[in-house]
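# Working through the structure, step by step
Chain by chain, the residues run as shown.
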Amino acid sequence: MLSDGTLQNTEDFLARLDPEIKLNLFTFKWGDKYGHDYVNRLYHSLKQHCSVPFTFTCITDNPEGIQREIGLLDYNQIGPDSWRVYPQNQIFTREKLCLFDLDIPGTKGWIDLDVLIHGDITEMVSRDFEKPTFILNHWNMGNKNSFKWFGKGSDCHVNSSFVFWQDAQWLFDYTDVNQQKLFFTYKSLDKYLYYQHWRTDRLAFWEEGLVDNFNFSDPPHIEREDVKITLFNTSHIIIQGMDIEAYELDETKGMWPYEYWTNYETN
Amino acid sequence: MKPKVCGLMNIGRIMRPIDKWIVQHVQMSDAETVALVGPSDHRNVYKELVDMEWLSVNMYDYDPQRACNDIVTADVVFDIELKEDLIINFACEKMWPLGNIYKGREFILVGDNEHHNGDCNPINNNKDLIKQNELTEVWSFNQIKRWGNTKHFMVYGCN
């Protein structure tokens, strides 16, 4: 179904879901860090690398420029009102968890905009997901100091950029029930998931070799065989003032990701 | 052997000022059961307290790398409920205030103002500890200089 370009509320969105489609995918775009070209290119990368029929919905505060094949859900009304009280630097990107609370049939997934899909993901998204499945940062877990600062609260080896599940209502419920303590304790969603749910073995993870990190893998910036998904996250590099040569997708001109990315249509 | 994580060092019975202060105050307490939360490299305190025959002492740390026979590997804010009469928290800067969860207990609370990126609750003075843990009586307090401009703040009281 084509979007009319206006933002839907959650009720209307759920009512219009096609029950025949068993794979419903989402991305989030709010603020101005990423343009609509990121949304459109992500959609086309999925069309190219996923042979299962799917819907793709962008949860956004600005539908401008987003293609009509992409569903639009209003970012400003998703999730409980009580969560909106907390500042954005408390469980940053907590909005993702609200998807666990929506009654959507089949397999669900969210994909961050700073992700490049460049291999076939059909097998990955066609699995039975007993647990919500996240990315484990295999690329920096082999260092001798990988877990040295766990007790200090500054470790994090979970990444929530490419997440799939069938039923993870418990994760929304746990967060909602413990919201006051959790929002106080964790600055980012990834850290919350790592310290509360990786630690207690409640999550599943993609196998090593399927997902890579363009900026953090050693050596960085190369294309690795069999990798389907590459991350370009840079925000924590800026926040922590790390001395790392890091690129967003649109900054990779002249490097291998740019060719993939710009070959995906934008309009 | 070089420790693989911070907080596993054992410096024997040499008591640092902060450890000494805590042990002195436990001796003043009527508590029969004591919880040591996030002891990290303060395990000397545990060794001192288990030698006090009238006390039952448990240590809690959520870091699985610090797991050993005399420590309960659990997050005391989210995983379990503490039952002890006296709760000694060595890491107030890293967690939701325990006094907000547990009422009618004695507390020895220690926190620092390092503002480490793993700290969700930097402690800038003793009043922070008293207020956020809703202490109704404060029997003793102290502050001890750490490195740089940072300090440990310490309070003994109950709620």
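Residues numbered from 1 in each chain as written. Chains lettered and ligands numbered in written order. Predicted model: local features only at pLDDT ≥ 70, side-chain atom pairs only at ≥ 80, totals over all residues. Heavy atoms only, no water.

### Things to note about the overall build of chain B
Regarding its fold elements, chain B presents three helices and seven strands. In chain B, the succession of α and β elements from N to C terminus is α-β-α-β-β-β-β-α-β-β. Computed over C-alpha atoms, the radius of gyration of chain B comes to 15 Å, within 12% of the 15 Å expected from 2.2 N^0.38 for 159 residues, which places it in the range of a compact globule. C-alpha extents for chain B along the principal axes are approximately 45 × 40 × 30 Å. The buried share of chain B, reckoned over its 159 residues, is 57%. For chain B, restricting intrachain contacts to residue pairs at least 6 apart in sequence, the fraction spanning at least 24 positions comes to 56%. Just so you have it, chain B exposes about 7,500 Å², and 51% of that area is on carbon and sulfur atoms. (Helix = DSSP H or I, 4+ residues; strand = E, 2+ residues; numbered from the N terminus. Rg over C-alpha atoms; globule rule 2.2 N^0.38 Å. Buried < 20%, exposed > 50% of the residue type's maximum accessible area, 1.4 Å probe, protein only. Contact = heavy atoms within 4.5 Å. Areas by Shrake-Rupley, 256 points an atom, 1.4 Å probe, with all protein chains shown as cover.)

### Observations concerning the sheet that holds strand E1 (residues 33–37) of chain B
Residues and elements named next belong to chain B. Taken together, the seven strands give an open sheet; going across it, the order is E3-E2-E1-E4-E5-E7-E6, and neighbouring strands pair in mixed fashion. Each of the sheet's edge strands pairs with one partner strand only, and the pair in question is strand E3 (71–73) and strand E6 (137–145). For this sheet the average axis-to-axis angle between neighbouring strands, irrespective of direction, equals 15°. Where E1 and strand E2 (residues 56–61) come together, five bridges link them in parallel fashion. (Pairing = 2+ DSSP bridges. Axes fitted to C-alpha atoms, helices over the stretch in contact; angles between N-to-C directions.)

### Let's talk about the confidence of the model for chain B
Predicted confidence across chain B gives a mean pLDDT of 91, with 91% of residues reaching 70 or more. On the interface metric, ipTM, the complex scores 0.90, and its pTM is 0.93. (pLDDT = per-residue confidence, 0-100.)

### Some thoughts on the sheet that holds strand E10 (residues 229–231) of chain A
Residues and elements named next belong to chain A. Taken together, three strands build an open sheet; the order of strands is E5-E10-E9 and the sheet is mixed. Strand pairing shows two members of the sheet lacking a second neighbour, strand E5 (115–117) and strand E9 (211–213), which therefore form its edges. Across the sheet, the mean angle separating the axes of adjacent strands is 20° when strand polarity is ignored. The pairing of E5 with E10 spans three bridges and is antiparallel. Paired with Leu116 across the bridge in E10 is Thr230.

### Some details on the interface of chain B and chain A
Across the boundary between the two partners, chain B contributes 24 residues, which contact 22 residues of chain A. Interface area for chain B against chain A, summed over the two sides, is near 2,000 Å², with a carbon-plus-sulfur share of 57%. Taken as a group, Tyr62(B), Phe78(B) and Trp96(B) account for 35% of the area that chain B buries against chain A, more than any other trio of residues on that side. Taking the shortest distance from any N to any O, the salt bridge between Arg199(A) and Asp79(B) comes out at 2.7 Å. (Buried area = accessible area lost by both parts, 1.4 Å probe. Salt bridge = Lys/Arg side-chain N within 4 Å of Asp/Glu carboxyl O.)

### Examining the packing of aromatic side chains
For any two aromatic rings, the description comes down to two numbers: the centre-to-centre distance and the angle of the planes. Tallying each qualifying case throughout the model produces 38 aromatic pairs over all chains. One aromatic cluster in this structure is built from Phe147(A), Phe150(A), Tyr186(A), Tyr192(A), Tyr194(A), Tyr195(A), Trp198(A), Tyr62(B) and Phe78(B). A cation sits over an aromatic face here: Arg41(A) above Trp261(A), 4.4 Å from the ring centre. Over the aromatic face of Tyr174(A) sits the side chain of Arg202(A), whose NZ or CZ is 5.2 Å from the ring centroid. (Phe/Tyr/Trp six-rings, centres within 6.5 Å; stacked < 30°, edge-to-face > 60°. Lys NZ or Arg CZ within 6 Å of the ring centre and 35° of its normal.)

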